[in-house]
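# Results of the structural survey
The primary structure of each chain is shown beneath.
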Amino acid sequence: MFNASKNDKPKTLTGQRLRSYAFALLTRRDYSQAELTEKLNQYAIDPNEVAILVTELAEKNYQSDQRVAALTLSSQIRKGKGLQRIKQALKAKQLDAELIAEELEEVDWLDQAYQLKVKKFGEDVTKDPKLKAKQIRFLQYRGFDMDVILKTIARTSEEE
């Protein structure tokens with residue numbers, strides 16, 4: 001039995017065709033350098049040519065790890081993700097959280113967690129241990145730190 005994996009694709013791209021493919025990829029969405037290199041190496045004959053091309057695209061700002069990190073941050077915050085989940089997403093894109101360390105510090109994680117809690121569970125501060133545990137698990141799954149979670153579930157709407 002023959003199983004064709006995605007690595008069995010013929011490697012045919014060099015020169016201008018490789019460059020065109022790189023631009024085609026970057027017009028659809030932003031890729032980190034590592035993602036772009038991996039994507040191009042699937043079709044390129046020479047990995048050195050890919051490395052040179054990706055470096056050149058980064059120098060000319062067609063590709064920017066900083067931009068990818070910032071977009072990832074804003075996307076993850078919109079989805080209601082906490083600091084730990086955002087760091088995971090950056091790591092998955094092979095980006096360093098240091099690229100957006102300043103932006104990460106500016107985010108009010110307590111407010112983010114509180115807005116998420118209110119959206120899911122309402123404004124009431126519960127005394128029920130089962131419901132408290134449920135809220136804690138929910139916010140932990142979303143990637144918030146425990147100190148932020150405990151402050152969030154104890155916070156009342158008057159504290160805003």
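Residues numbered from 1 in each chain as written. Predicted model: local features only at pLDDT ≥ 70, side-chain atom pairs only at ≥ 80, totals over all residues. Heavy atoms only, no water.

- An unreviewed UniProt entry annotates the protein as Regulatory protein RecX originating from Acinetobacter suaedae.
- Looking at the protein in UniProt, the text filed under Subcellular location (unreviewed entry) is "Cytoplasm".
- UniProt, in the comment section headed Function (unreviewed entry), describes the protein in these words: "Modulates RecA activity." (UniProt positions renumbered as here; feature names shortened; annotations may be inferred.)

## Side note on the environment of L116
- If you trace the backbone, L116 turns up in helix α7 (residues 109-121).
- For L116, a relative accessible area of 11% gives the class buried.
- Along the primary structure L116 and L139 are separated by 23 residues, whereas in three dimensions their C-alpha atoms are 8.2 Å apart.
- When near neighbours in sequence (up to four residues on either side) are disregarded, L116 contacts G80, F138, L139, R142 and F144. (Helix = DSSP H or I, 4+ residues; strand = E, 2+ residues; numbered from the N terminus. Buried < 20%, exposed > 50% of the residue type's maximum accessible area, 1.4 Å probe, protein only. Contact = heavy atoms within 4.5 Å.)

## Describing a negative patch on the surface
- Taken together, the side chains of D96, E98, E102, E103, E105 and E106 present a region of like negative charge at the surface.
- As for its position among the elements, E105 is in helix α6 (residues 101-106).
- Look at E105 and you get exposed, because its relative accessible area is 67%. (Patch = residues over 30% accessible without salt bridge, like charges linked within 9 Å, V, L, I, M, F, W, Y side chains within 5 Å. Areas by Shrake-Rupley, 256 points an atom, 1.4 Å probe, with all protein chains shown as cover. Salt bridge = Lys/Arg side-chain N within 4 Å of Asp/Glu carboxyl O. Lys, Arg positive; Asp, Glu negative; His and termini not counted. Charge placed at Lys NZ, Arg CZ, Asp CG, Glu CD.)

## Some remarks on the side chain of Q76
- Mapped onto the elements of the fold, Q76 is located in helix α4 (residues 65-78).
- Non-local contacts of Q76, meaning those with residues more than four positions away in its chain, are made with K81, R85, I86 and A89.

## Quick notes on the nonpolar core
- Core analysis: the biggest nonpolar cluster contains 22 residues, and I86, L90, L104, W109, L139 and F144 have the highest contact counts within it.
- Of all the secondary-structure elements, those providing two or more residues to this core are α4, α5 (83-92), α7, α8 (129-141) and α9 (146-154).
- Here this core gets four residues from one element, more than from any other, and that element is α4.
- No fewer than three residues from each of domain 2 (66-106) and domain 3 (109-154) sit in this core.
- In this structure W109 touches K81, G82, L83, I86, L104, F144 and V148, once residues within four positions along its chain are discounted.
- Judged by nonpolar contacts, the second largest core, of 12 residues, contains V50, L53, V54 and L57. (Core = buried A, V, L, I, M, F, W, Y, C linked by side-chain atoms within 4.5 Å. Domains from an automatic or database assignment.)

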